[in-house]
Amino acid sequence: MSHRPLLKGAASMAVLFLALSANAYAAEKAPVVHPKLWPIAKSPIGLDPAMEKRITDMLAQMSIEEKVGQVIQPEWKSIKPEEVTQYHIGSIENGGGAVPGGNKHSTVKDWVDLIEPYYQASVAPGQKVTIPLIWASDAVHGHNNVYGATLFPHNIGLGAAHDPDLLRRIGEATAAEVRSTGMDWSFAPTIAVARDDRWGRTYESYSEDPKIVSQYAAAMVSGIEGAGPTFLDDHHVISTAKHFLGDGSTDGGRDQGESSVSEADLARLHGAAYVDAVNAGTQSVMASYNSWHGVKMHANKDLMTGVLKGRMGFDGFIMGDWNAHGQIPGCTNSDCATAFNAGLDIFNAPQDWKALHGNLVREVKDGSISMARLDDAVRRILRVKFRAGVFDQPSPANRPDTFKPIGTTEHRAIAREAVAKSLVLLKNDGVLPLKAGATVLIAGDGADNIAMQSGGWTLSWQGADNTNADFPGATSIYEGLKSQIEAGGGQALYSPDGTAPQKPDVAIVVFGETPYAEFMGDQSDVALHHDNSESLDLIKKLKAQGVPVVAVMLSGRPLYVNPQINAANAFVAAWLPGSEGEGIADVLTGKSDFTGRLSFSWPKRPDQTPLNVGDKNYDPQFAYGYGLSYAAPAETPQLPEVADTTKYGEKNVYFSKGMAWNGYKITLADSDQHRMEYVGTQTTIYGTAALTVSPQADGAIKGVWNGKAGAALEVGADKPSDIAREANGAMMIALTLRVNAAPSGEVRLGVGSASVPVTGWLKTATGYAVLAVPLSCFKTQDLAATPTVARIETAGTLDLSISDIRLTETKAGAACPAE
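So, the pattern of salt bridges
Argument step 1. Under the counting rule described, the total for this entry stands at 51 salt bridges.
Argument step 2. Of the charged contacts, one joins Glu726 and Arg254 as a salt bridge, the two residues approaching to 3.0 Å between their closest N and O atoms. Placement of the pair is Glu726 in helix α20 (residues 724-728) and Arg254 in the loop between β5 (240-244) and β6 (258-259), with a sequence separation of 472 residues. Arg254 carries the same exposure label as Glu726, and that label is buried.
Argument step 3. Of the charged contacts, one joins Arg416 and Asp586 as a salt bridge, the two residues approaching to 2.7 Å between their closest N and O atoms. With Arg416 in helix α14 (residues 409-422) and Asp586 in helix α19 (residues 582-588), the pair connects residues that are 170 residues apart, well separated along the chain.
Argument step 4. Of the residues examined, Arg416 reaches a relative accessible area of 26% and is grouped as partly exposed.
Argument step 5. Taking relative accessible area as the criterion, Asp586 reaches 7% and is therefore assigned buried.
Argument step 6. Via salt bridges that share partners, Asp163, Asp165, Arg168, Arg169, Glu172, Glu417 and Lys421 belong to a single interconnected network.

Now the structure itself:
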């Protein structure tokens, strides 16, 4: 029994309470795990006795503080190089959009210049034990955080290619570009098996079928890390199989949500790929945000330690996800012994790393964390560092592969091949391939839009703030088509809205989803939420002019688009192809045939999800494995269309362009409990008549409060909204509005029953401006079930014009308005 010093004071009692409540949570909630149900794995690397002895000798010389530094990973923006030395930090990451100097056009040299001082700080003279730092980045579809890098198709497209060797080559090319910037470690591959396409990370999954995911896990790990004599040599980097476990199994496809699948299905569907990743030698596994039967994965000792490290024999380290440990009941971002005791080896602590360091040191000293557990974690980290050669290599700026060109011709050729192989032809009445010498109109908002074809996790977390100028060396779909059409003696006309100076022989309409990442992509259905009606109208307009249409859809998931498929002469699922748009031209012009086959089942209704091959009563629109080709043509019959009155728009947009979107409504309410829905014409709340809402010519709505009673303008849906994940992700509720007459009394902005004062802001705002408040300011409301997502209320007079209401990413300096 370990000796624990007596805790003194309220702060100590609070710490004890947190520790006890976290441990009780894990103990009471954890479902029984049966390791013998799980497959066995074996890493090909094996333990090196000489290496293990060297690690034992190093551990004997290290203080608790030095050991704790190895198990914490800050984001570089929150730590100075000298603090790496002071706190003995073992690794650093750059999160999505965390670019040198805030400049997303940073060069390879800029990245190396950023990394080098941190590395030098880790090997500063005067330390008993010198342990070089390693640097990690989310290189999930190429080295996607770096300007000018090759961007490969997102995983969903690669799944349709059914080509493991292609995946290995993509891994090799990505590793080479990561090495060029002086980094050691990639947070890839994602080996989730997405089983509900409402999930915003579906595009990060290769397939709904664990067989494909398992094959690709092995191939990508081998490509990133190397294999045999090339394992973690100068041309490769550490890989990370993620997210363990069941991230693609959550109920309703909710990001970071709850998984209620059986243990047998968790093992069979979601655990299978980890066997292949371990068998291929992956050195890192990232734990998942999600829960399984009520227990957060970061707290699940039976799965992390019992299954992954025990049954599967994984001898690398388990990495945490961004502040995920802080979601465990009883834990905070700066204090969570529960996760560490469950088997987490490295905390992903982007901002609160310093307080976490102090708390972990205290918890080791008071026995909350055993020295054996700490030593095991540090041993695993040192083992991987030795295997990666970081003790023998020079600093990042002096390594042989650093500063090598990225976005090379060779790497882009692999990406272009991947694009061509990923395309799935769902319909073709003979309009494809394009005929040589034809006049081709290329239209739609995705036609000349490299950001849209690249998707999320591209130069920033969401990838939504990019333009073509941000992609040197890349080729848009239009540019690729234009080059090949003209080379074949034809003419390419470009017009986003489909207008043209002459009648074309054929039109290509490129449309689909706009970029998103993680929970920002969660949906309540599998409908197209961007330009759904606009794309259909454009296809129909061209068809009415006698122009055959090829529809090319960019998306991160299969979607119900039967009206568009019916209206077009040919339909191509292009997924999110990345930087090499010419790969699409290679297939549309007939240079290559279609070889892509669906790795996800395609829905026939917006509500047809989950939908997976092998389901009872499996009835998709296009089955898993479907795909047409020039060599094997087939007729696609007229598809059934579902009557749906919901206006689909951008995800997390509630009101824009004069209308409510995605099932949300504008409602007028007053203090006498009256409620009226705004339906696009002037509406006055009956009874008190305290609020009138009317449309404006510019698409905004005008709200006039007369001060006779308290009244509110609300935005909500028929069912309570779950925006808890968005709040955890630091999203903000943002209203674009203009104050026509300043308020005479207090005005509050609310979400559900919680509200904050915004009177001062309204009194100083000029013209149309954005009022944005973090969702975390409304924490007294249960944001997992809020009746409204926005509410403006006052008992005084007020005249506002509102043009847009949506959730947006957080901004620097965002804070809650003071009461």
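The structure having been displayed, the exposition proceeds.
Overview of the packing of helix α2 (residues 49-61) against helix α13 (residues 371-387)
Argument step 1. The N-to-C vectors of α2 and α13 enclose an angle of 130°; their axes lie 10 Å apart at closest approach. Classified by the angle between their axes, α2 and α13 sit oblique to one another. The chirality of how α2 crosses α13 is right-handed. Residues Met51, Glu52, Arg54, Ile55, Thr56, Met58 and Leu59 of α2 form the contact with α13, whose own contacting residues are Asp375, Val378, Arg379, Leu382, Arg383, Phe386 and Arg387.

Things to note about the sheet that holds β6
Argument step 1. The sheet built from three strands is open, its strands ordered β6-β8-β9 with mixed pairing. Of all strands in the sheet, those bounded by a partner on one side alone are β6 and β9 (295-296).

Let's talk about the nonpolar core
Argument step 1. Judged by nonpolar contacts, the single largest core of 122 residues is most densely connected at Trp38, Val71, Ile92, Trp135, Trp185 and Leu303.
Argument step 2. Contacts of Val71, omitting those with residues within four sequence positions, involve Phe340, Asp345, Ile346, Phe347, Leu360, Leu374, Ala377, Val378 and Ile381.

Looking at the sheet that holds strand β3 (residues 134-137)
Argument step 1. Strand order in the open sheet made by the three strands is β2-β3-β4, with parallel pairing throughout. Two strands close off the open sheet at either side, each with one partner strand: β2 (91-94) and β4 (185-186).
Argument step 2. Judged from the two bridges that link them, β3 and β4 form a sheet pairing that is parallel. Bridging across to β4, Ala136 finds its partner in Trp185.

Focus: the state of the cysteines
Argument step 1. Taken as a whole, this structure holds two disulfides when the rule is applied.
Argument step 2. Two residues share a disulfide in this structure: Cys331 and Cys336, whose sulfurs sit 2.2 Å from each other. In this structure the cystine formed by Cys331 and Cys336 twists about its S-S bond by roughly 65°; its chirality is therefore right-handed.
Argument step 3. We classify Cys336 as buried; its relative accessible area is 1%.
Argument step 4. The side chain of Cys777 participates in a disulfide bridge whose partner is Cys816; the two sulfur atoms lie 2.0 Å from each other. Measuring the twist about the S-S bond at about -95°, one finds the Cys777-Cys816 disulfide to be left-handed. With Cys777 in the loop between β29 (769-774) and β30 (790-794) and Cys816 in the segment after β31 (797-808), this residue pair connects regions lying 39 residues apart in the sequence.

Here is what the cut-offs are and how they apply
Residues numbered from 1 in each chain as written. Predicted model: local features only at pLDDT ≥ 70, side-chain atom pairs only at ≥ 80, totals over all residues. Heavy atoms only, no water. Salt bridge = Lys/Arg side-chain N within 4 Å of Asp/Glu carboxyl O. Helix = DSSP H or I, 4+ residues; strand = E, 2+ residues; numbered from the N terminus. Buried < 20%, exposed > 50% of the residue type's maximum accessible area, 1.4 Å probe, protein only. Axes fitted to C-alpha atoms, helices over the stretch in contact; angles between N-to-C directions. Parallel < 35°, antiparallel > 145°, perpendicular 65-115°, else oblique. Left-handed = near helix turned anticlockwise from the far one by under 90°. Contact = heavy atoms within 4.5 Å. Pairing = 2+ DSSP bridges. Core = buried A, V, L, I, M, F, W, Y, C linked by side-chain atoms within 4.5 Å. Disulfide = S-S within 2.5 Å.

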